[in-house]
Amino acid sequence: MVTSIRVVVGIIASVVCVLLYTVPVLTFKRVIKEASVGEFSCLPYILALFSALTWGWYGFPVVSNGWENLSLFGTCSVGVFFELSFIIIYIWYAPREKKKFVVLMVSLIMAILCVIVSFSTFTFHTHQMRKLFVGSIGIVTSMSMYSAPLVAVKQVMKTKSVEFMPFYLSLFSLLTSLMWTLYGILGRDPYITAPNSVGCLTGILQLVVYCIYSRCKDPPKTHDDIEKVISELEVAASLEDTNGCKP
């Protein structure tokens, strides 16, 4: 019974998560339209790719016991596809110096992933120890990125306007973290439960701040202010997808 419920929860979490993965599509449509990345940073998507690869490996049967985390593996596979697509588009339109940096960073995370895969496969010989090793790395990766949604909260409190913190993005981010937390609890998996519990807290904080400041009258903003906030929130949205979707 618990297993069946966990499967259903995993499917729901995966669907919501995939929807969140599509958030940066509009940003990259603008990049393609303008044929330039401008001051836009690719680092959040590189970090998101590393997180998706790490948690995807965690959900693979070599680390997990059979396909107990099939939903996680499937979701992360979709995440890898999206993040790679975004990175390829960025490299195509970026100037030479930025291209070199992105290629270097992607090569670095792929090298680190190879070390993780090799070490967890040949050094540890039980699923429990492999999950401990890979899961711990995943937790550190996710927790270090959970400050991203706080960028939106900071901007709302600074401008006293919720214009740049969409309600539905915050709501679905909370729902995703909540579903993955429940998925982890049902599977008695602390490595999935822990980081997503933090995601629930940041999601609740965003909604509370939204409710408080949505009643405030929006102050006038200059064009430069709007451009600056949009740039910062594009970074936050990318990392928020990662946090909500990769436990």
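Parameters at a glance
Residues numbered from 1 in each chain as written. Predicted model: local features only at pLDDT ≥ 70, side-chain atom pairs only at ≥ 80, totals over all residues. Heavy atoms only, no water. Helix = DSSP H or I, 4+ residues; strand = E, 2+ residues; numbered from the N terminus. Buried < 20%, exposed > 50% of the residue type's maximum accessible area, 1.4 Å probe, protein only. Contact = heavy atoms within 4.5 Å. Expected span 1.5 Å × (residues − 1). Polar contact = N/O pair within 3.5 Å; in protein donor to acceptor, adjacent residues only side chain to side chain. Core = buried A, V, L, I, M, F, W, Y, C linked by side-chain atoms within 4.5 Å. UniProt positions renumbered as here; feature names shortened; annotations may be inferred. Arc of directions from axis to C-beta. Axes fitted to C-alpha atoms, helices over the stretch in contact; angles between N-to-C directions. Parallel < 35°, antiparallel > 145°, perpendicular 65-115°, else oblique. Left-handed = near helix turned anticlockwise from the far one by under 90°. Nonpolar A, V, L, I, M, F, W, Y, C, P; charged D, E, K, R; others polar. Disulfide = S-S within 2.5 Å.

### Focus: the overall build of the protein
For step 1, the next point in the chain: Along the protein, the regular secondary structure elements total 10 helices and zero strands.
For step 2, the next point in the chain: What you see in the protein, going N to C, is helices and strands ordered as α-α-α-α-α-α-α-α-α-α.
For step 3, the next point in the chain: Expressed as a percentage of the 247 residues in the protein, the buried residues total 46%.
For step 4, the next point in the chain: If you take every contact in the protein between residues at least 6 apart in sequence, the share linking residues at least 24 apart comes to 82%.

### Concerning helix α9 (residues 190–213)
Every α-helix winds through 3.6 residues per turn, so residues three or four apart in the chain are directed the same way.
For step 1, the next point in the chain: With 24 residues, α9 should reach 34 Å at 1.5 Å per residue; the first-to-last C-alpha distance of 35 Å fits that figure.
For step 2, the next point in the chain: Between the side-chain oxygen at the start of α9 and the backbone nitrogen of Tyr191 there is a gap of 3.1 Å, and the oxygen is on Asp189.

### Some thoughts on the nonpolar core
For step 1, the next point in the chain: Counting 39 residues, the largest nonpolar core has Ile46, Trp55, Tyr58, Leu72, Ile87, Tyr90 and Val102 as the members making the most contacts within it.
For step 2, the next point in the chain: Listed by contribution, the elements that provide at least two residues to this core are α1 (2–21), α2 (25–34), α3 (43–59), α4 (70–93), α5 (96–122), α8 (167–186) and α9.
For step 3, the next point in the chain: Looking at this core, the element that brings in the most residues is α3, giving nine residues.
For step 4, the next point in the chain: Residues contacting Tyr58, with those up to four places away along its chain left out, are Val63, Ser64, Asn69, Leu72, Lys131, Val134, Gly135, Asp189, Tyr191 and Ile192.
For step 5, the next point in the chain: Counting residues in each nonpolar core, the second largest holds seven residues, with Ala152, Val156, Val162 and Met165 among its members.

### Topic: the UniProt feature "transmembrane region" (unreviewed entry) in the protein
For step 1, the next point in the chain: Per the UniProt record, the feature "transmembrane region" (unreviewed entry) sits at residues 6–28, 40–58, 70–94, 101–120, 132–153, 165–186 and 192–213.
For step 2, the next point in the chain: For residues 40–58, the end-to-end C-alpha separation is 31 Å, with 84% helix and 0% strand making up the annotated structure.
For step 3, the next point in the chain: Segment residues 101–120 splits into 100% helix and 0% strand. End C-alpha atoms: 28 Å apart.

### Observations concerning α2
For step 1, the next point in the chain: If you check which residues of α2 are buried, you get Thr27, Phe28 and Val31. The arc that holds every buried residue of α2, seen down its axis, measures 90°, which confines them to one face. Turned more than 90 degrees away from the buried face of α2, the exposed residues are Leu26, Lys29 and Lys33.

### Quick notes on the packing of α3 against α4
For step 1, the next point in the chain: Where α3 contacts α4, the two axes come as close as 8 Å, and the packing angle between them is 155°. Considering the angle they form, α3 stands roughly antiparallel to α4. Handedness of the crossing formed by α3 with α4: left-handed. Between α3, through Tyr45, Ile46, Ala48, Leu49, Ala52, Leu53, Trp55, Gly56, Tyr58 and Gly59, and α4, the contact on the second element is made entirely by Leu72, Phe73, Cys76, Gly79, Val80, Glu83, Leu84, Phe86 and Ile87.
For step 2, the next point in the chain: Looking at the contact of α3 with α4 residue by residue, the classes come out as 15 nonpolar, three polar and one charged.

### Observations concerning the state of the cysteines
For step 1, the next point in the chain: On inspection of all chains with the given rule, the structure shows zero disulfides.
For step 2, the next point in the chain: Sulfur of Cys76: no disulfide; nearest cysteine sulfur belongs to Cys17 and is 7.4 Å away.

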